Each structure stands twice: as structure tokens, then as C-alpha cells.
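Each chain is listed here by its residues.
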Amino acid sequence: MYHRFDLDGKANGVWLSRLGNGYQLQVEGGWHGAVALAEDRPGQGHLTIDGERVPVAYALDGDVIHIHCGGRAYALHYVDPLAAFARAGDDSGLNVARAPMPGVVVAVKVAPGDEVLAGTVLMVIESMKLETSIRAPQDGIVEKIHVKAGDSFDRDALLATLLQENG
Amino acid sequence: MGRPSLPFDSVLIANRGEIAVRIIRTLRELGLRSIVVYHEVDALAPAVALADEAIRITGRTPVAAYLDGDQILTVAKEAKAGALHPGYGFLSENASFARAVEAAGIVFVGPGVDAIELMGDKIRARAFVAKNGFPVAPSAIEEDAPSTFLQRARAIGAPLLVKPSAGGGGKGMRIVRDLDLLEDAVTEARSEGERYFGDGRLYIERFVERPRHIEVQVLGDAMGNVVHLYERECSVQRRFQKIIEETPSPGLTAEERERICATAAGIARAAGYRNAGTVEFIYGGGAFYFLEMNTRLQVEHPVTEMTTGLDLVAEQIKIAAGLPLEFNQAQVTSSGHSIEARLYAEAPDRDFAPTTGKVLALRYPEGDGVRIDSGIAQGQSITTAFDPMLAKIIVHAPSRDEAIVKAREAIANFVFLGCESNAAFLSRILGDDLFKAGAVHTGYLDENPAIATGGADDDAIMRQLLAVAALLTRPVRDAADAVPPLHARLQGWRN
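Throughout, a residue's number is its position along its own chain's written sequence, starting from 1. Labels are handed out in written order, letters beginning with A for the chains and numbers beginning with 1 for the ligands. Since the coordinates come from a predicted model, pLDDT governs what is reported: local features require at least 70, and pairs of side-chain atoms require 80 or more to be given and counted, while whole-chain, interface and lining totals use all residues.

Q: Please give an account of the interface of chain A and chain B that cites residues and values.
A: Listed as interface residues are 48 residues of chain A and, on the opposing side, 40 residues of chain B. If one sorts the elements of the side of chain A that touches chain B by residue count, strand S6 (residues 52–61) of chain A sits on top with seven residues. Across the side of chain A that touches chain B, the residue classes tally to 31 nonpolar, 13 polar and four charged. Two residues form a contact once the distance between their C-beta atoms, set from the backbone, is within 7 Å. Working definition: helices are DSSP H or I runs of at least four residues, strands are E runs of at least two. Numbering for both runs from the N terminus. Residue classes follow a fixed rule: Ala, Val, Leu, Ile, Met, Phe, Trp, Tyr, Cys and Pro count as nonpolar, while Asp, Glu, Lys and Arg count as charged, and any other residue, Gly among them, counts as polar.

What follows is the structure, given as C-alpha cells:
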């Protein structure tokens, strides 16, 4: 089983192992070689990969590893295998409404217990000075509304959860 | 250079972000006390830390706080501010606010109320410019004389742009390249105007194909002296938002440059313009037309400062204090080439959706001819409460080619982690062949959407990222350390 890091929605598998006093990286389905990271000062250092020295800067934020490398910034998500398994059942499917972009809740149109059809407006959000309706992804009963009018939220934030009637 | 003698000793900045920082820097050099107002979401912003005094303001939303002229004026009076600098955006072109500031005995760092009102009314401004003999796009307004409307429009010549007088957002607009089709276009546009705006009146003007946006910086003092500080090319835009600006414009001949700059100075002079202002033109097919005049400091003013060696904020303060310009037109020189790139918290590959986060790491590029005007600080949250501009990367080099290289290096060395930005997009624009050739126009980014999305990262970068991520992630390292090296050396080892 490989460790999983997601970048721009794409999953990448890697395995790290000891190699002498250092480490070896195995990329799923491809390259492997010796790697080492020397920290020059907090958040900044040099990666040695296959004998090449590359300056890098980085910052950790929970499961997100922010890396400045090759002249630009990237954010990789470490996907904990247990967490990914636990979430797969209920949190990533059609029974949740997530924020397509960061914004502010203008009005919530439904309440827990309400029966909704696919396409029913659950709430209205404002982002980029435009109002957008968040609609039910499928038929169901509103289980929980995670925000209230006036709340601001980030992209991908959980806005509402539905219960499937025939679940 | 000695400090000028000024009739006030403190300036309140009615703004936020990078421009507040920028203004504080000059106030300090002039020996003036800086006062900023801030909404609580900006409590960690660098301007609040830098200013001599920071006063909290409130509002229904953060933006509303900075737009609340009454509250800000009350704060200015209580803080005994001698002058007020509005920056750009917010209250900077609000004539009644400027009037209230002056009425309170506080010097408004900007033009007179009359000039703000004249240039703030786009139709009046256009008529004023035309009346004074300066070029505006040839046009025919239906209600001037409905019976001769089509005749007057034909006389302008193709291509024409037909638009509803009450219009906006491109609705009902028609481009006419063949005058035989003018009548059909007018019928269609009228019907759409009635449908969308309940108003079928039309307006026709010369359509400029693939226009450039060129603007000229001007300065006028209270004695009536007006100079221009040359032009800026601001054609690289997305959704009418400027992204990259430069001076000189790569699209003008020396003769055109002189002509457009002299025209801008002439317009400012005719308007009796005082303080810093920018005259914007649309340029295409060898002709240029007045678009509008901005009666404030512009976001992109640093490129002009880099090539002229002037401090525009210092000039604004001295002019507002009633001092005369210390130089004439012949003494204004522009040397080398300067480029500004705007760092935005947005995702070009997701239709420029705003991005949010927290500044986890911040390191500015350094070097000769590199200037960073930044409104962010380590630890600060990036929210959608304001305009997404975070910082500006400005470079100066002897030639345009060298400036492009320097700008790309500066962007590559700008470490900003914790919030997705448009940095890689800026770098792609600067590396694009059309941009490098100077062949840009206001539709350039729309015509070249691949620049926004970019290509896939190559395998080498991918490996480097995964290596850093793996080495920094505790469970990944722990798993490696838990397994004796002997086993690990067997390829394809599984647990």
C-alpha cells in the first residue's frame, strides 16, 4: 500500500524507505531514487534528489504540505488511508452539498427534515459579487445545514447534508 | 533632498492593503505622522503594524467600513489629521466625500471637487474632451437628432459598435463591419435594448479592433502647471481587470508616444487639473481616443516611478500642500523599462475564482531594480472580503527584454505559501511569445485561454514535490523508519 498525496485533484502514490543513513522514494508506477532534505532555516532548505540539489521552501498546515519549488507554489494533500476509508462511505458522494468556491451565505432556504428533490435550492451564496444557488444534488431529506446566513466559508466547505430516503 | 515645509504634520490614509503601506513609506520619508483606519479583519495587516497610529472602524461588512465616509471623517477629526489620502478605489473618487473632508478643514490629497465631478460623469467628461478639441471615438447619439441617426452613423464609417444607450454588460451590442448591415443591426439592438432595459434608444461609435489600453500619468499643481510622466500600457487584462502593466508601451512609435502624452497633458490643463491623475485612451489602428480620466493615484503608478525616478505620493502630498511642481516637462525623463505584475488570490485555471487561506510562508525577492509593494504579512488570513490583489511585483531594467527576464525571476523567487495565487499564470504570460513580442490588446487573454490553464507539471517537478512531501509527512517517515533497510531494498515491498 502506497502513501497518497493529492495534487490538483490527482492522487499520487509514494513509498518511502530507509536507504543506508538516508531515504529512498518509490513513486507508484515509476521512478525511484535517493532523496534527502536539508533544512537551512525553518521552512526553507535544499532537496537532494538523484544527486541534484534543489532549493525549496515549505509550510505544513494539517494534512496540507505547501511547497515552493521550481519557481512556484504547490499544495499537496496527504490522504491518511484510514480517514479516506472512513469518509468514502458518507461524505464524498451525492448526499452532501459543498461550496464550489469561497463566499458568504446569503440565505438558507431549507431546514433539517425538509424533503427536497434534486435541483431544489438549498441556499443562496454570494461569491465574486455574484449570487449563486446551491441546489440539492439528489432527492432526499435535509439532515443538517452546516452554515447560517452571514457565515463565510472556504472552497469545498460542507454546506448541507442530505439523507437518502431509500438509502 | 531636504524635507519640504508642509502646512500639516499628519496624514490619515483612508485605505488598506498594499497602497496603505506604500503611502506610509512616503509619509515617513517626508517626516509626517501616518494614521490608518482598519476593519478588524485587517488587524494583522502590515499597514496597521507600520503606521504611527491605527484606528479601528466598523461596518456591516469589511468593505462597508472602508466606504463609510462619515465614520472615517469623524476618526480623522478626532485623530487631528492634517490631511487625508484616499489611495485608490473606496472613497478616492467620491466628490461629496472630498468636499466633506475639505469642509472639515482637512487637506484632501487629490484633485479639486470640480475635477472629480467632471471626470466622474463619463458622458460629461467625453463631451468636455471633445469640446476642447481632443480625440474621442467618433460617435452618433440617437437622441441628439433621431431623424439623422443612421446617416450620422454611416458618416463615421465601419467598423461600428451599436449599443443601447441604457445598456451595460455587453447586452444588445452589435459590431457592424459592413455598412449594408447597419439597419438590421440597429433593429436587432433596439429590440434587445427594449427587452433588457425597457429603453430602445441607441448609441453608435467607431469600433476599435483589438484595442490597446494606454494611459498617461499627469501631475498638475495649484499654480496651473501641468506635466505628463509618460504612458503606461495596461492591455493585459481579464474581465476588465489589469494584470500586467508596463512603461514604455511596446506598441507606440516615438511620435505616437509624444502625441498621446501631449494630448493627456492638454486634457488635464483644460480641466484645470490639480494633483496626480491618469488619462486613459483606447488605441488601435494608429488612432487613439479618450476613454476616461481617473482622478486618483493608480494601482500601477510604480512603473512610472521606476522609469522617472519620481515619488508620486510625495508629489501628491506637496501639491495638496499648495507647493509648486519642482520641475517642468523638459526635466521629466523616462529611462529604461518597467513592468508590474499583480499577485492575486485567485485560480486562473478555475475561471479566476477567488482563493482563500492563510499566509504560512512569505519571502520577497530581492535585487537591483526589484520592488515589492505588498499588503500581506505572515499569519494573515486571506479572505474574499476584499479585492483579491495581494501584492505587486515591480521591476526596472535597461530594456524590455531584460525587464521581462527580471520579472519572471522575481516571481519565481517570491515565496508565498498558504493560499493559491495567480503567480504561475503571471509567469506564463511573461513567457508567452505574443507578450514578448509586445503584441497584446485588451482581448489577448481571452483569445489565448491556454495561458490561464497552463500545462501539466513535468515529471521532474512532480518527483521533487512528492519527495519533499514524503520527507515532511510524519506517518510516511515513521513507516520508513519502522522497516529495516534490508526489506526496504526489495522492490515492490508491500505491507
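Q: Can you explain the environment of B:Gln464? Please cite residues and give values.
A: Tracing the sequence through the fold places B:Gln464 in helix H18 (residues 459–472). Along the chain, B:Gln464 and B:Val370 lie 94 residues apart, while their C-alpha atoms are 28 Å from each other. When residues no more than four places from it in sequence are discounted, the contact partners of B:Gln464 are A:Leu47, A:Ile49, A:Val54, A:Cys69 and A:Gly70.

Q: Could you give an account of the sheet that holds strand S16 (residues 158–163) of chain A, with specific residues and numbers?
A: All names here are of chain A. A pair of strands counts as paired when DSSP detects no fewer than two bridges linking them. With respect to topology, four strands assemble into an open sheet ordered S9-S16-S14-S11, the strand pairing being antiparallel. The open sheet has two edge strands with one neighbour each: strand S9 (96–98) and strand S11 (115–116). As defined by bridge partners, S9 adjoins S16 across three bridges and the pair is classed as antiparallel. Following the sheet pairing, Ala97 is matched in S16 by Ala160.

Q: Describe the domain arrangement of chain B, listing the residues and the values that go with them.
A: When the parts of a complex come together, some accessible area is lost, and that lost area is often used as the size of the interface. All names here are of chain B. Per the domain assignment, the segments of chain B are domain 1 (10–109), domain 2 (138–206) and domain 3 (212–457). Bear in mind that the domain bounds are from an automatic or database domain assignment. Put simply, the middle of domain 1 and the middle of domain 3, counted by C-alpha atoms, are 23 Å apart. Contacts between the two partners involve 21 residues from domain 1 and, on the opposite side, 23 residues from domain 3. For the side of domain 1 that touches domain 3, the secondary structure elements donating two or more residues are helix H1 (17–29) and helix H3 (62–67). Considering each element in turn, the side of domain 1 that touches domain 3 owes the most residues, six residues, to H1.

Q: How would you summarise unusual backbone geometry if you had to cite specific residues and measurements?
A: Residue and element names in this part refer to chain B. Look at the link from Ala158 to Pro159: it is a cis peptide, with omega at -5°. Along the chain, the position of Pro159 falls in the loop between helix H8 (149–156) and strand S7 (160–164). Following Thr247, the chain continues to Pro248 via a peptide bond in cis, the omega torsion being -5°. Positioned with a positive phi, Phe90 is a non-glycine residue whose angle comes to about 40°. Structurally, Phe90 can be placed in the loop between strand S4 (83–85) and helix H5 (95–103). Between the buried cut of 20 or more and the exposed cut of 12 or fewer other C-beta atoms within 10 Å of a residue's own C-beta lies the partly exposed class, and all C-beta atoms are placed from the backbone. What makes Phe90 buried here is the crowd of 22 C-beta atoms within 10 Å. The backbone phi angle of Tyr230 is positive, close to 70°, even though this residue is not glycine. Relative to the helices and strands, Tyr230 resides in strand S11 (residues 226–238). Of the residues examined, Tyr230 has 21 C-beta atoms within 10 Å and is grouped as buried.

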